[in-house]
Amino acid sequence: MAEAAVRAGCTFFAGYPITPQNEVPEYLSWRLPQAGGVFVQAESEVAAINMIFGSSAAGARSMTSSSSPGVSLKQEGISYIAGAELPCVIANVQRGGPGLGNIRASQGDYFQAVKGGGHGDYKLIVLGPAYVQELYDLTMRAFDWADYYRNPVMILSDGILGQIAEPLELTPYTPIVKLPPKDYILTGCAGRTPRVVKTLFLNPADGLVHHNDHLQEKYRRIEHELSLCEEYETADADIIIAAYGMSGRIAKGAVRKARRKGLKVGLIRPITLWPFPKEPFVRAARTASKMLVVEMSCGQFIEDVKLASECAVPVEFFGKGGGWYPMDTDILEIVESMQPCRSAPCATRKD
Amino acid sequence: MATFTRPDTLKDQITHYCPGCGHGIAHRIVAEVIDELGIREKTIGTAPVGCAVLMYDYFNVDMIECAHGRAPAVATGIKRVQPDKIVFTYQGDGDLAAIGTAETIHAANRGENITVIFINNAIYGMTGGQMAPTTICGQPTTTTPDGRGAHGEGGPIRVCELLSNLDGTCYLERTAVSTPKDVLATRRAIKKAFENQIAGKGFSMVEVLSMCPTDWKLSTQKSLEFVNNDLKKVFPLGVYKDR
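Residues numbered from 1 in each chain as written. Chains lettered and ligands numbered in written order. Predicted model: local features only at pLDDT ≥ 70, side-chain atom pairs only at ≥ 80, totals over all residues.

Moving on: the sheet that holds strand 13 (residues 315-319) of chain A. Residue and element names in this part refer to chain A. In spatial order, the strands read 8-10-9-12-13; together these five strands make up an open sheet with mixed pairing. A strand with exactly one partner marks an edge of an open sheet, and here the two such strands are strand 8 (229-232) and strand 13. Strand-to-strand, the axes of this sheet are offset by a mean angle of 20 degrees, without reference to chain direction. Where strand 8 lies against strand 10 (residues 265-270), four bridges are found, and the strand directions are antiparallel. Directly across from Glu-230, in strand 10, lies its bridge partner Arg-269. Its contacts with the sheet put helix 9 (residues 245-260) on strand 8, strand 9 (239-242), strand 10 and strand 12 (290-295), and the angle it makes with strand 10 is roughly 165 degrees. Along the sheet face, helix 12 (residues 328-337) touches strand 9, strand 10, strand 12 and strand 13 and points at about 160 degrees away from the line of strand 12. (Pairing = 2+ DSSP bridges. Helix = DSSP H or I, 4+ residues; strand = E, 2+ residues; numbered from the N terminus. Axes fitted to C-alpha atoms, helices over the stretch in contact; angles between N-to-C directions. Contact = placed C-beta atoms within 7 Å.)

As structure tokens, then:
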């Protein structure tokens, strides 16, 4: 992730030590200056995100990384950055919570990432990688989407992906979209009228309602344009497993095992968590008879699965919080026990 | 014949500040210094949360409005990305010495090459007169109706003295805007604080004792006397660091 950031042209990183993401700032502390960028070890998570607020306003591709308790502290700055429509990349290598929790992998920050986290009506683009290669690739894309939409992008990783070692192809960076000029950044007002980066809107004429309407319009455009999802063996699947990130990767193993046993099981693994890829779930709700949500948290991701599938089929749940992760054999066992239409759907789909 | 004109760095705007408030004087001094040094088109200012939150409506330079207390961190991000620009923060006492204490101390300790204008009026102005970190002992506020210190509030934080212990600081001076002589001294200090940044010398801060008649519930004349007779005793004027 750190190397992908450098190759994508990140020139400013600020962060604060917290396990299990220390490898990122440690790597960037020498690698970023080598590539002509700036690394700052901030005095706090709050300061780190506010340094990003400044560096992004000054035009640099900017990044910070942390883990769950640290990301909670960053929420103030994230709200300001989203409100001011500044681009940046924020990595959350999730660990167990609530509170200080533990340093094992978790997906307990799903709601915080995709529903808001800080104050006010705003959205982050949220990406949920499951493999080191995907993490590398998505980190590069994250910088493009952040600049393209002028919006913070969160990479929602976890302690397993953060610590894992696996083969990686260090592909070169090429932008995937034509990036608009940064005509909003602060460079000193030579030859032009001064610019202001702000989130305060007191004047009724250019008021906050109007600003929020503008933000929501942008979010609708992002929802329309951006959706990434892996679908695996879903075409004829009777049971669809829905899982993202590391639990999605483990669930894929369970699907392979189930297929070897002749069970018609498939996987939908959302890669963009916001915008949530609804369409595969709408289709799955027509073709499958049941879904199983697997998440390393106590029932967060399942809400979006139910919303996307409009509860047209029963959705069962397998998940725990606190640094727990599922084994593929456990998932397989549950899939084997799931009889079609054992329980009633929570709502009847009207076609 | 010399005429009294508006500095280029100030927009032709009527400010929202109360009669007798010191922000107007401090704004004008900062603007005059930016004009005089010819740096308006390479200056990036950071606005605080507090009475000066709308200063970007008054200053004719690029500006960013920061979260409460975070301006030194935001300024760090800007200055590190654009080291050739002149970056300043303008913060009140609640912003700089309460909610932003960590950002202030660590930006100073890193020796960030920025200029900090610290307006100390010993009260939270924008929110209506609550106790500030620099409220002096015995001073009544809306949250210390019996005067500060009567119920375990501690005493005022002396920021220049505090920061003078840090190796990263280059220049620290406390001035006031309560007499013509003090105004001139503040102008000299603020000019020096910007010159230090231009010369790449590191963290410079000018703490300006300022008036808040509205929230002190004093007349404009009595407010000047409060600065001269009371605040200056607790916050001695002078140079605390100059290297």
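Hydrogen bonding along the main chain pairs the strands of a sheet, whether they run parallel or antiparallel. All names here are of chain A. Strands sit in the order 2-1-3-4-6-5-11 across an open sheet of seven strands; the sheet is mixed. Either end of the sheet is taken by a strand with one partner, and the two such strands are strand 2 (38-41) and strand 11 (272-274). Strand-to-strand, the axes of this sheet are offset by a mean angle of 20 degrees, without reference to chain direction. Both strand 1 (residues 12-15) and strand 3 (residues 62-66) contribute to a ladder of two bridges, which runs parallel. Bridge pairing in strand 3 links Phe-12 to Ser-62.

The next point concerns the interface of chain B and chain A. Across the contact, 28 residues belong to chain B and 33 residues belong to chain A. The set of elements that each furnish at least two residues to the side of chain B that touches chain A consists of strand 1 (43-47), strand 2 (62-65), helix 2 (71-81) and helix 4 (101-110) of chain B. Looking at side-chain class alone, the side of chain B that touches chain A contains 14 nonpolar, six polar and eight charged residues. Judged from the two bridges that link them, strand 7 (residues 196-197) of chain A and strand 2 of chain B form a sheet pairing that is parallel. Bridge pairing in strand 2 of chain B places A:Val197 opposite B:Ile64. (Nonpolar A, V, L, I, M, F, W, Y, C, P; charged D, E, K, R; others polar.)

Counting buried positions over the 10 residues of helix 4 of chain B gives seven, a clear majority of the element. Among the residues of helix 4 of chain B, those classed as buried are B:Glu103, B:Thr104, B:Ile105, B:His106, B:Ala107, B:Ala108 and B:Arg110. Each element contacted by the buried residues of helix 4 of chain B is listed here: helix 3 (45-57) of chain A together with helix 2, helix 3 (93-99), helix 5 (159-164), strand 5 (169-176) and strand 6 (203-209) of chain B. Two residues or fewer past helix 4 of chain B, B:Gly111 is found with a positive phi of approximately 70 degrees. (Buried ≥ 20, exposed ≤ 12 C-beta atoms within 10 Å, placed from the backbone.)

Now for the domain arrangement of chain A. Residues and elements named next belong to chain A. Annotation of chain A at the domain level lists domain 1 (2-183 + 216-224) and domain 2 (230-337). Spacing between the C-alpha centres of domain 1 and domain 2 amounts to 26 Å. Each partner contributes residues to the interface: domain 1 has 27 residues there, and domain 2 has 22 residues. Of all elements in the fold, only helix 5 (110-115), strand 5 (125-127), strand 6 (152-158), helix 7 (159-163) and helix 8 (208-225) reach the threshold of two or more residues within the side of domain 1 that touches domain 2. Among the elements that take part in the side of domain 1 that touches domain 2, helix 5 stands out by supplying four residues, more than any other. Taken together, the residues of the side of domain 1 that touches domain 2 break down into 16 nonpolar, six polar and five charged. (Domains from an automatic or database assignment.)

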